[in-house]
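# Notes for the structure review
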Amino acid sequence: MATTASPYGLLPLNLIGGQSFTGGSIRDYAMTVNSATAIFKGDIVAIGVASAGQPSALTATPTTSTRGLVGVAVGVSYVDPVLKYQVYANFLPANAVSAGYTNVMIRVVEDPDQLYQVQGDGAVAATEIGMNAPLTNFGGSTTTGNSTIALDASATANTATLAVRIVDLVNGPFSTPGDAYTDCIVKFNFGVHSYYQADGATN
């Protein structure tokens, strides 16, 4: 509920501009080296930030200077070191490869025109639709497997380099614009997603 602080990361909705949407374009990124941090459902994933050619979750808000951002994690899969078969899960623990996890795949919604729902860490007014904002509260819950990323409601601005554009506010049975922790609809700001950058990932 938008009256309670319960951030859940970025949840894919549909595509900007009424484009045809079939549930999101998901790419499986193979991980063969450790990530020092866990990767949660709803985390922002980049390639080449922690290790060349490898996916990892960002630990701070992206900007137009961030390289390699490919989308948002919607789950993971791996061969469990105890069960010995492929499982699907909401999150991958930190340092999973050295713990015996194999065939690790990070499942990413990668369309740069993807819209997401994200909870604000405070109230966001209807007058802030169309503004840009950074993201905050990076991390996640090993209980739910969900990210805790939230929109930084105190820092909305017209600054071109910020992470996301506020496209709309959720208005439904459990969420109203201007709620104490407003649920927002956003997309990555132009130049933040790597598919809208000329520069490649950093190695």
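See the structure printed just above.
### Brief notes about the overall build of the protein chain
Looking only at helices and strands, the protein chain features 0 helices and 15 strands. A globule of 203 residues ought to have a C-alpha radius of gyration of about 17 Å, and the protein chain, at 17 Å, matches this closely. Projected onto its principal axes, the C-alpha coordinates of the protein chain cover approximately 50 × 40 × 30 Å. Sequence-distant contacts, at least 24 apart, represent 72% of the contacts inside the protein chain between residues at least 6 apart. Put simply, the protein chain shows about 9,000 Å² of open surface, and 53% of that area lies on carbon and sulfur atoms. A distance of 9 Å separates the average location of the 7 positive side-chain charges in the protein chain from that of its 13 negative side-chain charges.

### Here's the deal with the packing of aromatic side chains
Applying the stated rule across the entire model yields 4 aromatic pairs. Taken together, a centroid distance of 5.4 Å and an interplanar angle of 15° make the contact between phenylalanine 40 and phenylalanine 91 stacked. Taken together, the residues phenylalanine 40 in strand β3 (residues 39-40) and phenylalanine 91 in strand β8 (residues 91-92) connect sequence positions 51 residues apart. For the pair shown, phenylalanine 40 and phenylalanine 91 are each scored as buried.

### Digging into the pattern of salt bridges
Summed over all chains, the structure comprises 3 salt bridges. Across the salt bridge formed by aspartate 28 and arginine 107, the nearest N and O atoms sit 2.9 Å from each other. Here aspartate 28, found in strand β2 (residues 26-31), pairs with arginine 107, found in strand β9 (residues 102-109); they are 79 residues apart in sequence, far enough to count as distant. When the shortest N-O distance is used, the salt bridge between aspartate 199 and arginine 67 registers 3.0 Å. Of this pair, aspartate 199 sits in the segment after β15 (183-188) while arginine 67 sits in the loop between β5 (55-57) and β6 (69-79); the two residues are 132 residues apart in sequence, bridging distant segments of the chain. On the accessibility criterion, aspartate 199 (46% relative accessible area) is partly exposed.

### Examining the pairing of strand β7 (residues 86-89)
Relative to β7, β6 is paired through 4 bridges, and the arrangement is antiparallel. Following the sheet pairing, valine 76 is matched in β7 by alanine 89. Hairpin geometry of β6 and β7 is characterised by an intervening segment of 6 residues between the two adjacent antiparallel strands and by a positive phi of about 70° at lysine 84.

Definitions and cut-offs
Position numbers for residues start from 1 in each chain and track the written sequence from start to end. The predicted origin of the model limits local features to residues at a pLDDT of at least 70 and limits the giving and counting of side-chain atom pairs to 80 or more, whereas totals for whole chains, interfaces and linings rest on all residues. With hydrogens and water set aside, each side-chain value is computed from the structure's full complement of heavy atoms. Note on conventions: DSSP H or I runs of at least 4 residues are helices, E runs of at least 2 residues are strands, and numbering of each starts at the N terminus. With the radius of gyration taken over C-alpha atoms, the globule rule is written as 2.2 Å times the number of residues to the power 0.38. Contacts between residues were defined by any pair of non-hydrogen atoms, one from each residue, lying within 4.5 Å. Per-residue accessibility takes into account occlusion by the displayed protein chains alone, with areas from the Shrake-Rupley method and a 1.4 Å probe. Charge assignment in this entry is limited to Lys and Arg as positive and Asp and Glu as negative, and neither His nor the chain termini are counted. Where a charge lies is defined by one atom per residue type: Lys uses NZ, Arg uses CZ, Asp uses CG and Glu uses CD. Planes of paired rings set the category: under 30 degrees apart is stacked, over 60 is edge-to-face and the rest tilted, where pairs are Phe, Tyr or Trp rings (Trp by its six-membered ring) whose centres lie within 6.5 Å. The buried label goes to any residue with under 20% of its type's maximum accessible area, the exposed label to any with over 50%, and the partly exposed label to all in between, with areas taken from a 1.4 Å probe on protein chains only. Definition used for salt bridges: Asp or Glu carboxyl oxygen within 4 Å of a side-chain nitrogen of Lys or Arg. In this scheme, strands are said to pair when DSSP sees at least two bridges between them.

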